[in-house]
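Descriptive structure summary
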Amino acid sequence: LVVSAIATLEPVSNRLALEKAGDIYYLQDAYNSNEIGFVSALEVLEQLPAKRRILMTPGVIELGPEQRVINKELAEAAAKVCDYIIVVGPLNREAFLDGISDKQLIVAASRDEAFAELEKIKITESIILIENDLTDFHEARYKF
């Protein structure tokens, strides 16, 4: 009974939910993020079959003085899994620039710009991990 119940569970929206749009998959983990959840989402992404793996993220926020170091480490971990990484907004841009090669990294000033860049690089059977979304406070402040 428990196994059949688990098999029919629907994922919570934006919490590591896999959604298909045509021949592209989106791994939506945009509700919020921390470094453990971010790495876990990358591990899931790595296990899924794909022709191209793309990460779109503003990075992780509200980490105090460790924010730059942690985001650089997350960028380095993402670079091992992803073909492309789109970092959105200015908040963690420098940390991602420190952790990723230029050929993998795309910087976008806004969410709209990030989705426009995504259109240029996604191919059939791509999986796009959308990791984190900024809080309302940060969205207004940084115009994500």
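Quick look at the structure, then. (Residues numbered from 1 in each chain as written. Predicted model: local features only at pLDDT ≥ 70, side-chain atom pairs only at ≥ 80, totals over all residues. Heavy atoms only, no water.)

Before going further, it helps to spend a moment on the environment of Phe38. Relative to the helices and strands, Phe38 is located in helix H2 (residues 35–47). Between the alpha carbons of Phe38 and Ala78 there is a distance of 9.2 Å; along the sequence they are 40 residues apart. Apart from the residues lying within four places of it in its own chain, the contact partners of Phe38 are Ser33, Leu55, Thr57, Gly59, Val60, Leu74, Phe96 and Glu131. (Helix = DSSP H or I, 4+ residues; strand = E, 2+ residues; numbered from the N terminus. Contact = heavy atoms within 4.5 Å.)

One broad rule of soluble globular proteins: the nonpolar side chains tend to lie buried together. Ranked by size, the top nonpolar core spans 20 residues in total, and within it Phe38, Leu45, Leu55, Cys82, Ile85, Phe96 and Leu129 carry the most contacts. Top element by residues in this core is helix H3 (residues 67–81). It accounts for five residues. Beyond its immediate stretch of four places on either side in the chain, Ile85 contacts Leu55, Ala75, Ala78, Ala79, Phe96, Ile100, Gln104, Leu105 and Ile106. Judged by nonpolar contacts, the second largest core, of 14 residues, contains Ile106, Ala108, Leu118 and Ile130. (Core = buried A, V, L, I, M, F, W, Y, C linked by side-chain atoms within 4.5 Å. Buried < 20%, exposed > 50% of the residue type's maximum accessible area, 1.4 Å probe, protein only.)

This next bit is on the pattern of salt bridges. Summed over all chains, the structure comprises five salt bridges. The residue Arg68 makes a salt bridge to Asp98 at a minimum N-O spacing of 2.5 Å. Here Arg68 is found in helix H3, whereas its partner Asp98 is found in helix H4 (residues 93–99), with 30 residues between them in sequence. Given the relative accessible area of 39%, Asp98 is considered partly exposed. A salt bridge links Glu117 to Lys120, with the nearest nitrogen and oxygen atoms 3.2 Å apart. One end of the pair is Glu117 and the other is Lys120, both in helix H5 (residues 111–121) and three residues apart, which spans about a single turn. (Salt bridge = Lys/Arg side-chain N within 4 Å of Asp/Glu carboxyl O.)

Let us look at the pairing of strand S4 (residues 84–88). Burial of S4 is extensive: four of the five residues sit out of reach of the surface. Handedness of the crossover is the feature at issue here: the chain leaves strand S3 (residues 52–57), passes through H3, returns alongside S4, and the resulting connection is right-handed. Relative to strand S5 (residues 105–108), S4 runs parallel, the two sharing four bridges. Along S5, the bridge assignment pairs Ile86 with Ile106. Taken together, S4, H4 and S5 constitute a β-α-β crossover, and its handedness is right-handed. (Right-handed = clockwise from strand over helix to strand, strands pointing away. Pairing = 2+ DSSP bridges.)

Looking now at H2. Helix length check: H2 (13 residues) gives 19 Å between terminal C-alpha atoms against 18 Å at 1.5 Å per residue, within 8%. For H2, every residue scored as buried is listed here: Phe38, Ala41, Leu42 and Leu45. An end-on view of H2 places all buried positions within 100 degrees of arc, on one side of the element. The exposed residues of H2 that point more than 90 degrees off its buried face are Ile36 and Gln47. In the core, the buried residues of H2 are packed alongside strand S2 (24–29), S3, H3, H4 and strand S6 (126–131). Between the side-chain oxygen at the start of H2 and the backbone nitrogen of Ile36 there is a gap of 3.0 Å, and the oxygen is on Asn34. (Expected span 1.5 Å × (residues − 1). Arc of directions from axis to C-beta. Polar contact = N/O pair within 3.5 Å; in protein donor to acceptor, adjacent residues only side chain to side chain.)

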